[in-house]
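Descriptive analysis of the structure
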Amino acid sequence: MDNNKTICNCMDITRGEIIDAIKAKNLKTIDDVGEATEAGTVCGSCQDDIQEILDELNLG
Ligand code: FES
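Each value, and the rule that gives it
Residues numbered from 1 in each chain as written. Predicted model: local features only at pLDDT ≥ 70, side-chain atom pairs only at ≥ 80, totals over all residues. Heavy atoms only, no water. Helix = DSSP H or I, 4+ residues; strand = E, 2+ residues; numbered from the N terminus. Rg over C-alpha atoms; globule rule 2.2 N^0.38 Å. Buried < 20%, exposed > 50% of the residue type's maximum accessible area, 1.4 Å probe, protein only. Contact = heavy atoms within 4.5 Å. Areas by Shrake-Rupley, 256 points an atom, 1.4 Å probe, with all protein chains shown as cover. Lys, Arg positive; Asp, Glu negative; His and termini not counted. Charge placed at Lys NZ, Arg CZ, Asp CG, Glu CD. Arc of directions from axis to C-beta.

1. Structural notes on the overall build of the chain
If you tally the helices and strands in the chain, you get 3 helices and 2 strands. Counted from the first residue to the last, the chain has its helices and strands arranged as β-β-α-α-α. In terms of overall size, the chain behaves like a compact globule, its C-alpha atoms giving a radius of gyration of 10 Å where 60 residues would be expected to give roughly 10 Å. Taking all 60 residues of the chain together, the buried fraction comes to 35%. Within the chain, counting contacts between residues at least 6 apart in sequence, those at least 24 apart form 45% of the total. Approximately 3800 Å² of the chain is accessible, and the part contributed by carbon and sulfur atoms is 42%. Side chains of the chain carry 5 positive and 13 negative charges; the gap between the two charge centres is 6 Å.

Listed below in structure tokens is the structure:
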């Protein structure tokens, strides 16, 4: 999937930014990602997408 795609429209955070934060800080939960990037902290509608990214990275 395109890492330049915006995942969180409220905070204008891309998929690539979320992936980088997860890898750099070993994030495990949506709350972790919210603290690190602010993604998912406003309306919450992007939280399913954030969870999908977490699952992808942490399963492998
Ligand atoms: S789209 Fe991410 S909090 Fe609203």
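2. What about helix α2 (residues 30-37)?
Listed in full, the buried residues belonging to α2 are I30, V33, G34 and T37. Looking straight down α2, one finds its buried side chains confined to an arc of 100°; they lie on one side. For α2, exposure combined with an orientation more than 90 degrees from the buried face picks out D31 and E35. Next to the buried residues of α2 lie β2 (13-14), α1 (15-25) and α3 (47-59). Downstream of α2 by a residue or two, E38 has a phi angle that is positive, lying close to 75°.

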